[in-house]
Number of protein chains: 2
Amino acid sequence: MSESRAGSGGQGRVGGNLTWQAVRAEAIRRIREREWMPGSRIPDEAELAAELGCARATVNRALRDLAAEGYLERRRKGGTRVPETPVRKATFEIAVIRQDVEARGHRHGYRLLGDETGAAPDEIASALGLPKGTPLRHVRALHLADDAPFCLEIRWLNPELVPPERAVFDALSANEWLLRNLAYSAGSFGFSARTADAELAALMACPEGAALLAMDRTTFMDAVPITAATLIYREGYRLATTM
Amino acid sequence: MSESRAGSGGQGRVGGNLTWQAVRAEAIRRIREREWMPGSRIPDEAELAAELGCARATVNRALRDLAAEGYLERRRKGGTRVPETPVRKATFEIAVIRQDVEARGHRHGYRLLGDETGAAPDEIASALGLPKGTPLRHVRALHLADDAPFCLEIRWLNPELVPPERAVFDALSANEWLLRNLAYSAGSFGFSARTADAELAALMACPEGAALLAMDRTTFMDAVPITAATLIYREGYRLATTM
């Protein structure tokens with residue numbers, strides 16, 4: 001039955017073998033039509049490969065893809081299951097702010113507002129797993145789109161990894177410098193909305209009380225903190241992504 | 001040189017072979033230290049496998065991982081390159097709203113506010129690639145956390161895929177129904193901030209003028225539109241993700 005759907009008429013076949021995309025589509029059909037019930041274990045790779053008449057590596061590629069998207073759960077023991085409640089995963093690209101401005105058809109501008117090293121505020125130290133009062137480099141900068149405020153970059157940096165004498169943010173933003181120079185291995189992201197107070201309204205050239213999108217990030221390299229940053233976008237900004 | 005770093009002391013080796021994680025770490029080191037320059041092509045998989053003394057499949061696994069994260073660009077012809085400007089990718093999980101409420105330690109509540117079919121507003125029809133005035137099912141519902149407003153779900157649905165007689169949202173939200181019943185193949189996401197007007201403030205039990213996080217989504221199955229939705233979260237909500 002699955003053969004007739006996934007493999008009929010040679011569609012999804014290369015040289016007589018199913019492509020991994022065809023195996024993926026067939027697996028989604030079985031999940032959707034409840035041939036594979038939520039919470040149940042699906043046949044193992046070898047069985048599926050035999051049933052579908054394709055290489056085990058093809059089945060593996062398809063199931064890995066579905067697990068990455070949240071359609072399936074793979075357990076080290078216990079095999080592969082259909083999750084009780086599916087969690088879908090979406091991927092979004094973290095472009096540098098300059099690219100975001102340029103992709104919207106604007107000229108990027110940049111202004112460094114401040115750069116000094118001092119004791120981290122408690123909530124920043126805590127987010128980075130550092131003792132209270134750890135000295136961190138504090139950098140604020142404004143990104144412009146055709147001379148209008150686009151994004152306020154507020155950042156604390158580990159001065160050992162990003163020393164003021166080596167990483168200068170007069171012309172190149174910390175945002176871009178970090179992406180070019182430091183690979184990170186872990187981190188977290190958050191999105192929230194914040195109300196512009198008088199200071200923020202003045203910086204972002206928006207009415208006081210405007211709702212602004214804020215993105216906060218922390219990044220680490222092998223458990224060593226690199227940065228905690230908040231990016232605050234101009235009024236009406238929409239951060240878009242596809243999946 | 002790479003051998004001595006990536007493979008020294010047996011670390012990252014299984015049965016004398018490098019693990020893909022060790023190959024990944026070595027590739028990141030080369031990118032970071034500019035042994036592999038931005039914009040340049042890196043050695044092919046067979047060369048790297050020979051150089052590092054591991055299976056080509058191990059190199060492939062590591063490079064695929066790095067490409068998915070944006071460290072490398074793989075081109076069908078042209079081989080694998082270090083991007084001129086790296087774009088990092090982050091994955092976030094799209095949990096159903098009920099799970100999000102429960103994960104925060106609250107009891108989930110749900111109230112259907114409206115469900116009727118009528119002509120889609122122009123911007124919704126356009127976002128879904130449908131002709132102006134296409135009839136769509138319009139559903140509004142409120143998700144509660146311990147009886148307080150948590151998320152307002154405003155949604156337009158393709159009535160052919162989600163017919164009112166088969167998909168009833170009195171007790172189960174459209175959010176959850178869709179995740180359980182319809183797999184989607186493509187879609188887009190957006191985050192923005194919006195100011196609560198009088199109506200929204202009343203629904204979300206927040207002050208008029210409060211800044212609220214909004215997430216908009218569209219989903220499609222093989223180019224057939226499923227839904228366009230906006231989720232508006234309570235004041236102070238932070239949508240978090242890790243990478």
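- As annotated in an unreviewed UniProt entry, chain A is GntR family transcriptional regulator from Salinarimonas ramus.

1. Some points on the overall build of chain A
Step number 1: Helix and strand counts for chain A stand at eight helices and 12 strands.
Step number 2: Across chain A, contacts joining residues at least 24 apart in sequence account for 57% of those joining residues at least 6 apart.
Step number 3: Total accessible area computed for chain A in this model is approximately 11,200 Å², and 51% of it derives from carbon and sulfur atoms.

2. A short note on the packing of helix 2 (residues 20-32) of chain A against helix 4 (residues 56-69) of chain A
Residue and element names in this part refer to chain A.
Step number 1: Running from N to C, helix 2 and helix 4 point in directions that differ by 55 degrees, and their axes come no closer than 8 Å. Of the possible angle classes, the one that applies to helix 2 and helix 4 is oblique. Of the two elements, helix 2 crosses helix 4, and the hand of that crossing is right-handed. Judged by residue contacts, Trp 20, Val 23, Arg 24, Ala 27 and Ile 28 of helix 2 engage Thr 58, Val 59, Arg 61, Ala 62, Asp 65, Leu 66 and Glu 69 from helix 4.
Step number 2: Looking at the contact of helix 2 with helix 4 residue by residue, the classes come out as seven nonpolar, one polar and four charged.

3. Observations concerning the confidence of the model for chain A
Step number 1: Of the residues in chain A, 88% have a pLDDT of 70 or more, and the chain-wide mean is 86.
Step number 2: Ignoring residues within four places in sequence, the model shows residues 1-10 of chain A, a span with pLDDT below 50, making 21 contacts including any to other chains.

4. Digging into the packing of aromatic side chains
Step number 1: On inspection of all chains with the given rule, the structure shows 11 aromatic pairs over all chains.
Step number 2: Their ring planes at 85 degrees and their centres at 5.6 Å tell us that Phe 150 of chain B and Tyr 237 of chain B sit as a pair that is edge-to-face. Here Phe 150 of chain B, found in strand 8 (residues 148-157), pairs with Tyr 237 of chain B, found in the loop between strand 11 (224-233) and strand 12 (239-242); they are 87 residues apart in sequence, far enough to count as distant. Comparing Phe 150 of chain B with Tyr 237 of chain B, the two get one shared label, buried.
Step number 3: Members of the aromatic cluster, each reached through a chain of ring pairs, are Phe 189 and Phe 191 of chain A together with Phe 189 and Phe 191 of chain B.
Step number 4: Its end group placed over the ring of Trp 20 of chain A, Arg 61 of chain A keeps NZ or CZ at 3.9 Å from the ring centre.

5. Description of the packing of helix 2 of chain A against helix 3 (residues 45-52) of chain A
Residues and elements named next belong to chain A.
Step number 1: Where helix 2 contacts helix 3, the axes come no closer than 12 Å and their chain directions differ by 105 degrees. Our classification of the angle between helix 2 and helix 3 gives roughly perpendicular. Seen from helix 2, the contacting residues are Val 23, Glu 26 and Arg 30; seen from helix 3, they are Leu 48, Glu 51 and Leu 52.

6. With respect to the pairing of strand 11 (residues 224-233) of chain A
Residue and element names in this part refer to chain A.
Step number 1: With nine of its 10 residues buried, strand 11 lies for the most part within the structure.
Step number 2: Bridge count between strand 10 (residues 211-221) and strand 11: eight bridges; the pairing is antiparallel. Across the sheet, residue Phe 220 finds its bridge partner in strand 11, namely Pro 225.
Step number 3: Taken together, strand 10 and the strand that follows it, strand 11, pair antiparallel across an intervening segment of two residues, in which Asp 222 is found at a positive phi of about 50 degrees.

7. Describing unusual backbone geometry
All names here are of chain B.
Step number 1: Even without a glycine there, the phi angle at Asp 147 is positive, about 70 degrees.
Step number 2: Tracing the backbone through its elements, the reader meets Asp 147 in the loop between strand 7 (135-145) and strand 8.
Step number 3: Despite not being glycine, Ala 205 shows a phi value in the positive range, around 50 degrees.
Step number 4: Along the chain, Ala 205 turns up in the loop between helix 8 (198-204) and strand 10 (211-221).
Step number 5: Here Ala 205 falls in the exposed class, since its relative accessible area comes to 60%.

8. A few points about the environment of Leu 179 of chain A
Step number 1: You can see Leu 179 of chain A is positioned in helix 7 (residues 174-181).
Step number 2: For the pair Leu 179 of chain A and Ala 95 of chain A, spaced 84 residues apart in sequence, the C-alpha separation works out to 9.1 Å.

9. Digging into helix 2 of chain A
Residue and element names in this part refer to chain A.
Step number 1: Here helix 2 is 13 residues long and its end C-alpha atoms lie 18 Å apart, about the 18 Å a rise of 1.5 Å per residue gives.
Step number 2: Buried within helix 2 are the following residues: Ala 22, Val 23, Arg 24, Glu 26, Ala 27, Ile 28, Arg 29, Arg 30 and Ile 31.
Step number 3: After helix 2 finishes, the residue Arg 34 shows a positive phi value of roughly 60 degrees.

10. Here's the deal with the pattern of salt bridges
All names here are of chain A.
Step number 1: In this structure the tally under the stated criterion is 34 salt bridges over all chains.
Step number 2: Its salt-bridge partner being Glu 45, residue Arg 56 comes within 3.4 Å of it at the nearest N-O pair. In this pair, Arg 56 is assigned in helix 4 and Glu 45 in helix 3, connecting sequence segments 11 residues apart.
Step number 3: Relative accessible area serves as the criterion here: at 12%, Glu 45 is assigned to the buried category.
Step number 4: Note that Arg 107 and Asp 147 form a salt bridge whose closest N and O atoms lie 3.4 Å from each other. Of the two residues, Arg 107 is situated in the loop between helix 5 (97-103) and strand 6 (108-119) and Asp 147 in the loop between strand 7 (135-145) and strand 8 (148-157); the sequence distance between them amounts to 40 residues.
Step number 5: Looking at Asp 147, the relative accessible area reads 56%, which means it is exposed.

The rules behind each value
- Residues numbered from 1 in each chain as written.
- Chains lettered and ligands numbered in written order.
- Predicted model: local features only at pLDDT ≥ 70, side-chain atom pairs only at ≥ 80, totals over all residues.
- Heavy atoms only, no water.
- Helix = DSSP H or I, 4+ residues; strand = E, 2+ residues; numbered from the N terminus.
- Contact = heavy atoms within 4.5 Å.
- Areas by Shrake-Rupley, 256 points an atom, 1.4 Å probe, with all protein chains shown as cover.
- Axes fitted to C-alpha atoms, helices over the stretch in contact; angles between N-to-C directions.
- Parallel < 35°, antiparallel > 145°, perpendicular 65-115°, else oblique.
- Left-handed = near helix turned anticlockwise from the far one by under 90°.
- Nonpolar A, V, L, I, M, F, W, Y, C, P; charged D, E, K, R; others polar.
- pLDDT = per-residue confidence, 0-100.
- Phe/Tyr/Trp six-rings, centres within 6.5 Å; stacked < 30°, edge-to-face > 60°.
- Buried < 20%, exposed > 50% of the residue type's maximum accessible area, 1.4 Å probe, protein only.
- Lys NZ or Arg CZ within 6 Å of the ring centre and 35° of its normal.
- Pairing = 2+ DSSP bridges.
- Expected span 1.5 Å × (residues − 1).
- Salt bridge = Lys/Arg side-chain N within 4 Å of Asp/Glu carboxyl O.

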